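# Coordinate analysis (summary)
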Amino acid sequence: MATLEKKKWSTTKKMIIMIIAVLLLIALIAGIKVMLVMKMIAGMKPPPPAVVSTAKTAYQEWQPQLRAVGSVRAARGADLALDLAGLVTKVNLQSGDEVKEGQALLQLRDSEDVAQLHQLEAAAALAEVTFGRAKQQLAVQAISKADYDQAAADLKAKQAAVAQQQVNVQRKQLRAPFAGRAGIVTITPGTYLEAGKIIVTLQQVDPVFVDFHLPQKNLADIKVGQKVVIKLDAFPGKTFEGELSAINPKVDGDTRNVQIEAKVGNPDKLLSPGMFADVALDVGTKARYLTLPQTAVVYNPYGETVYVVKKKAELDKAQAEEAKKNGAKPAAAAPAGPPIPPDALVVAQTFVTTDGTRGDQVSITKGLDEGAEVVTSGQIKLKNGAPVTIDNKVLPADAANPTPQEK
């Protein structure tokens, strides 16, 4: 019995020793793995910083403007036609001519009308002589008052017939209703014209009007006489100045926009009716705004943000102060991975409030101070606390009045 118990104890002892040995082996393996992982982490290098371009915020004076798309319209313009059909005998006009008001442009055959006019003029002359005799005879009581009245009425009728025929003769001739520039003429002598057929377009192009629309919310900011500047893609880099000449008293019920008319001088005849124009209307007085290139602002559904470049130590300090102020624990400023040196450049995502644009620039009213260095390109690969390297060899556009660049 004692021998049996002794054997059991010996077996138990061996099992305990085996278990302890296995546990020691597992601990040794785990320790080796931990050491290898720690050595691997220690040997890891930080990821290469993202390359970005930057710009510093600065105050600039802006002239507040309202922008719209407009269409050029002639001060006077008409498609000229005759209300009578006939055969063309003369064309006193060439394409593109500058014509004067009342100038004869085209003549239809009017020989029959002129002959009839001469006949009526002769009859009117005879009626005038007859009336003169009747007047003399009435003075000496040689004819009755009825005969005199008959002669007077006959003279008036003959003169009216002459006037009517003169109008018929004039209707065979096309004259310029106002001074302006003629369009392309395709009519030649010998052409038979139908009544109402357009012969030529006539446009008075100095000055011209530019029609555009603005939302009703801007009505309080606009008034007649304000300065207007227009640009056209046909003349890159050139601007045309004018003034607001009229505001439609009725707001469009469908779009809630109001039609605006601007008068623009065109002494060089560069602007043509129907041209597309970019319109800038000066409103209010100049104001100072903190500005950045528009590419610096990232527009999100939850707000507008920018990435401000700071040193790692500055960002950590700012986040610690913010957390202390809010009574929370400081958040990690950098992404997981090897530590970033305190003097390394990192980015901090910051919410901003914008207030309009001018050319390639955007105004910042809240969220940034003057002189803050902000990322202007490369934001897509950034997140809060990411390290960056600045390369400003190529900068995004930052012009208040950009002009197209020719290739």
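Let me begin by describing the structure that accompanies this report.

### Some points on the environment of alanine 125
Structurally, the position occupied by alanine 125 is in helix H2 (residues 111–139). On the accessibility criterion, alanine 125 (38% relative accessible area) is partly exposed. Remark: the alpha-carbon pair of alanine 125 and aspartate 110, spanning 15 residues in sequence, is separated by 22 Å.

### Thoughts on the sheet that holds strand S6 (residues 104–108)
The four strands lie next to each other as S7-S6-S4-S9, forming an open sheet whose pairing is antiparallel. Each of the sheet's edge strands pairs with one partner strand only, and the pair in question is strand S7 (173–175) and strand S9 (192–193). Examined bridge by bridge, S6 and S7 share three bridges and lie antiparallel to one another. Residue pairing for S7: leucine 106 is matched across the bridge by leucine 174.

### With respect to the packing of aromatic side chains
Applying the stated criterion across every chain, the model contains four aromatic pairs. Consider the rings of phenylalanine 131 and tyrosine 148, whose centres lie 5.3 Å apart with planes at 35°: the pair is tilted. Of this pair, phenylalanine 131 sits in helix H2 while tyrosine 148 sits in helix H3 (residues 145–170); the two residues are 17 residues apart in sequence, bridging distant segments of the chain. When the ring of tyrosine 302 is compared with that of phenylalanine 351, the centres are 6.0 Å apart and the planes differ by 70°; the resulting orientation is edge-to-face. Remark: phenylalanine 351 occurs in strand S18 (residues 345–358) and tyrosine 302 occurs in the loop between strand S16 (298–300) and strand S17 (303–311); sequence separation between them is 49 residues.

### Side note on the side chain of glutamine 165
Within the secondary structure layout, glutamine 165 lies in helix H3. Beyond its immediate stretch of four places on either side in the chain, glutamine 165 contacts Asp113, Gln116, Leu117 and Leu120.

### Details of the environment of glutamate 61
Counting through the fold element by element, glutamate 61 comes out in strand S2 (residues 58–62). Given the relative accessible area of 53%, glutamate 61 is considered exposed. Measuring from C-alpha to C-alpha, the distance between glutamate 61 and threonine 285 comes to 10.0 Å, with 224 residues separating the pair along the chain.

### Observations concerning empty space enclosed by the protein
One water molecule sets the probe size; rolling that probe over the atoms shows where empty space is left. Enumeration over the complete set of coordinates arrives at one cavity of 30 Å³ or more. Roughly 30 Å³ of volume is contained in the largest cavity. In terms of lining, the largest cavity is formed by Val91, Leu93, Leu105, Leu106, Val185, Ile199 and Val200. Only S6 and strand S10 (198–215) provide two or more residues apiece to the lining of the largest cavity. Classifying every residue of the lining of the largest cavity by side-chain character gives seven nonpolar, no polar and no charged.

### Some points on the pairing of strand S19 (residues 361–366)
Direction of pairing for strand S15 (residues 287–293) relative to S19: antiparallel, over a ladder of four bridges. By the bridge assignment for S19, leucine 292 is matched with valine 362. Note: S18 against S19, four bridges, orientation antiparallel. Directly across from arginine 358, in S19, lies its bridge partner glutamine 361. Adjacent in sequence and paired antiparallel, S18 and S19 are bridged by two residues, among which glycine 359 carries a positive phi angle near 60°.

About the thresholds
- Residues numbered from 1 in each chain as written.
- Predicted model: local features only at pLDDT ≥ 70, side-chain atom pairs only at ≥ 80, totals over all residues.
- Heavy atoms only, no water.
- Helix = DSSP H or I, 4+ residues; strand = E, 2+ residues; numbered from the N terminus.
- Buried < 20%, exposed > 50% of the residue type's maximum accessible area, 1.4 Å probe, protein only.
- Pairing = 2+ DSSP bridges.
- Phe/Tyr/Trp six-rings, centres within 6.5 Å; stacked < 30°, edge-to-face > 60°.
- Contact = heavy atoms within 4.5 Å.
- 1 Å grid on protein atoms, 1.4 Å probe; cavity = no way out; pocket = protein on both sides within 12 Å on 5 of 7 lines; lining within 4 Å.
- Points joined across faces, edges and corners; volume = space filled by probe spheres on them.
- Nonpolar A, V, L, I, M, F, W, Y, C, P; charged D, E, K, R; others polar.

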